[in-house]
Structure formats: C-alpha cells, structure tokens
Amino acid sequence: MFEPPIQRLIDELARLPGIGRKSAQRLAFHLLNVEEPDALRLAEAIVEMRRQVRLCSRCFNVTAEEECSFCRDLRRDASLVCVVERAQDIPVVERTQEFRGRYHVLGGAINPIQGIGPDRLTIRQLQARVGAEGITEVIVATNPTVEGDTTALYLARVLKPLGVTVTRLASGLPVGGDLDYADEITLGRALVGRKEL
Ligand SMILES: [Zn+2]
C-alpha cells in the first residue's frame, strides 16, 4: 500500500497491543511529519529501554541495575513481601501508600487452560527467598480472577509449611479484572484488611 519504509513502520506499530491498522497508519504519518530529532528520540527510547532494562535478580521486578530500587531500599521492611503477577502491578500497590515491604513478581498466574503451571512462574525463587531473607508474611496480591485465586491458594499450600504467614487481599476488589482496575483507596483497604489463607 505505502512505500516500503513507511509500510514497514506501519506493520511494526500494528503489532502493538491496542493499535489497529488505522491507528498504526496515523502514528506512522505523524512521525513522518514531526521534526527528525523528535522521531529519533522515540526510537532511541525504545532501544535504550530494551538494552538497559532487565529483571531484578531478587524479586524479578524490572530494573536497570542488578537489583531494583525496592530491593535496594534499606528503609523498606524486608520481612514483608507482596506478591504480584506483573511488574506493572507494583506502582498500583505503591499508590495505596499502605505497603512498605518488598515485592516478588511471579511473571503471570497459574492457568491450566493456557498450559501455565507453577513451574513457569517464579514460585521456586519465592520459596528460596522465604527461607533466606527472614520473611514472616507473604501478601498475595494476584489479580481478583480465577487464575489469581488459584495461584494464591497454591502459594499458601507451598509457603505455609516454611513457617510464613500467607495473606490475600480482602474482598472488595472488582472481580475478574486486573489489579489496576481498582482505585488506590479500594486497594489500600483491601491491603489493610487482608486475610490469612
Ligand atoms: Zn527487586
């Protein structure tokens, strides 16, 4: 349809989530019309992010260092760990201002239909952390979905024998959605009112 360099960019943009064919075309022609340094800055930001960002060696959050800023922050309570499905969930919990511990990112939730078993998540690494870091409570903040609940129950089963308290966010969160559908007040209340599993 378009000249090859333009078509190539349209094809790449159209592969992004939430970007349809039409939006991809609009973005490509927008980038064609902005000042060249502005377009290059976007390209560089993508390259830099991919080159610099990796997973925290302790909690699997995204970071540009060996360990993420939460794991490096000595003022945070290392005995308390909040387990989330994805790194994007951490800012959601942070906004509640109700949590001052550390995190652990699972990399998803148990989903037998999609073939995602516990071994595909960072559960083994979490078990190792509980043993090594003096963790006393694990707060499971997986999404309020069937998969999130299944994962929470599995975590309780494998972590409790290690002598740690396992809690789950209180109800009141919008069921079936992602954690970030909840506003910070609702999520904050769910954190404070967490229940032992
Ligand atoms: Zn970390």
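Structure report, in brief. (Residues numbered from 1 in each chain as written. Predicted model: local features only at pLDDT ≥ 70, side-chain atom pairs only at ≥ 80, totals over all residues. Heavy atoms only, no water.)

Describing the overall build of the protein chain
When its secondary structure is counted, the protein chain shows eight helices and seven strands. Taken along the three principal axes of its C-alpha coordinates, the protein chain extends 65 × 35 × 35 Å. Taking all 197 residues of the protein chain together, the buried fraction comes to 40%. A sequence separation of at least 24 residues applies to 55% of the contacts in the protein chain between residues at least 6 apart. Counting every atom, the protein chain has about 11,800 Å² of accessible surface; 54% of that belongs to carbon and sulfur. A gap of 3 Å separates the mean positions of the 26 positive and 27 negative side-chain charges of the protein chain. (Helix = DSSP H or I, 4+ residues; strand = E, 2+ residues; numbered from the N terminus. Buried < 20%, exposed > 50% of the residue type's maximum accessible area, 1.4 Å probe, protein only. Contact = heavy atoms within 4.5 Å. Areas by Shrake-Rupley, 256 points an atom, 1.4 Å probe, with all protein chains shown as cover. Lys, Arg positive; Asp, Glu negative; His and termini not counted. Charge placed at Lys NZ, Arg CZ, Asp CG, Glu CD.)

What about the layout of surface pockets?
Taken as a whole, the largest pocket holds about 610 Å³ of empty space. Lining the largest pocket are 18 residues; nearest its centre among them are Leu9, Leu13, Leu31, Leu42 and Ile46. Breaking the lining of the largest pocket down by element, the ones donating at least two residues are α1 (4-14), α2 (21-33) and α3 (36-52). In terms of residue count, the dominant contributor to the lining of the largest pocket is α3 (six residues). (1 Å grid on protein atoms, 1.4 Å probe; cavity = no way out; pocket = protein on both sides within 12 Å on 5 of 7 lines; lining within 4 Å. Points joined across faces, edges and corners; volume = space filled by probe spheres on them.)

Details of the pairing of strand β3 (residues 77-84)
In this sheet, strand β4 (residues 101-105) lies alongside β3 in parallel orientation, the contact comprising five bridges. Across the sheet, Cys82 pairs through a bridge with Tyr103, a residue of β4. In terms of handedness, the path from β3 via helix α5 (residues 89-95) over to β4 forms a crossover that is right-handed. Relative to strand β5 (residues 137-140), β3 runs parallel, the two sharing four bridges. Bridge pairing in β5 places Leu80 opposite Glu137. (Pairing = 2+ DSSP bridges. Right-handed = clockwise from strand over helix to strand, strands pointing away.)

Side note on unusual backbone geometry
Residue Phe60 is not a glycine yet carries a positive backbone phi of 70 degrees. In this structure, Phe60 sits in the loop between β1 (54-55) and β2 (62-63). With a relative accessible area of 19%, Phe60 lands in the buried category. Phi is positive for Gln97, close to 60 degrees, though the residue is something other than glycine. Checked against the element boundaries, Gln97 lands in the loop between α5 and β4.

A word on the coordination of the zinc ion
Every protein donor of the zinc ion is accounted for by Cys56 (SG), Cys59 (SG), Cys68 (SG) and Cys71 (SG), and the metal-donor separations fall at 2.3 to 2.4 Å. One can describe the site at the zinc ion as tetrahedral: its four donor atoms subtend angles covering 102 to 120 degrees at the metal. Linear spacing of the donor residues for the zinc ion on their chain is C-x2-C-x8-C-x2-C. For Cys59, a relative accessible area of 0% corresponds to the buried category. Of the residues examined, Cys68 reaches a relative accessible area of 1% and is grouped as buried. (Donors = N, O, S within 2.8 Å, 3.2 Å for Na, K, Ca; no water. Tetrahedral: all angles 85-135°; square planar, octahedral: opposite > 155°, others 65-115°.)

Examining a nonpolar patch on the surface
The grouping of Met49, Val53, Leu55 and Val62 at the surface amounts to a nonpolar patch, some 350 Å² of accessible area in total. For Met49, the location among the structural elements is in helix α3. (Patch = residues over 30% accessible without salt bridge, like charges linked within 9 Å, V, L, I, M, F, W, Y side chains within 5 Å. Salt bridge = Lys/Arg side-chain N within 4 Å of Asp/Glu carboxyl O.)

Looking at the packing of helix α6 (residues 123-132) against helix α7 (residues 146-159)
For the pair α6 and α7, interaxial distance at closest approach is 11 Å and the crossing angle is 40 degrees. Between α6 and α7, the interaxial angle falls into the category oblique. When you trace α6 past α7, the crossing you get is right-handed. Touching Ile123, Leu126, Gln127 and Val130 of α6 are Tyr154, Leu155, Val158 and Leu159, all from α7. Broken down by class, the residue content of the contact of α6 with α7 amounts to seven nonpolar, one polar and no charged. (Axes fitted to C-alpha atoms, helices over the stretch in contact; angles between N-to-C directions. Parallel < 35°, antiparallel > 145°, perpendicular 65-115°, else oblique. Left-handed = near helix turned anticlockwise from the far one by under 90°. Nonpolar A, V, L, I, M, F, W, Y, C, P; charged D, E, K, R; others polar.)

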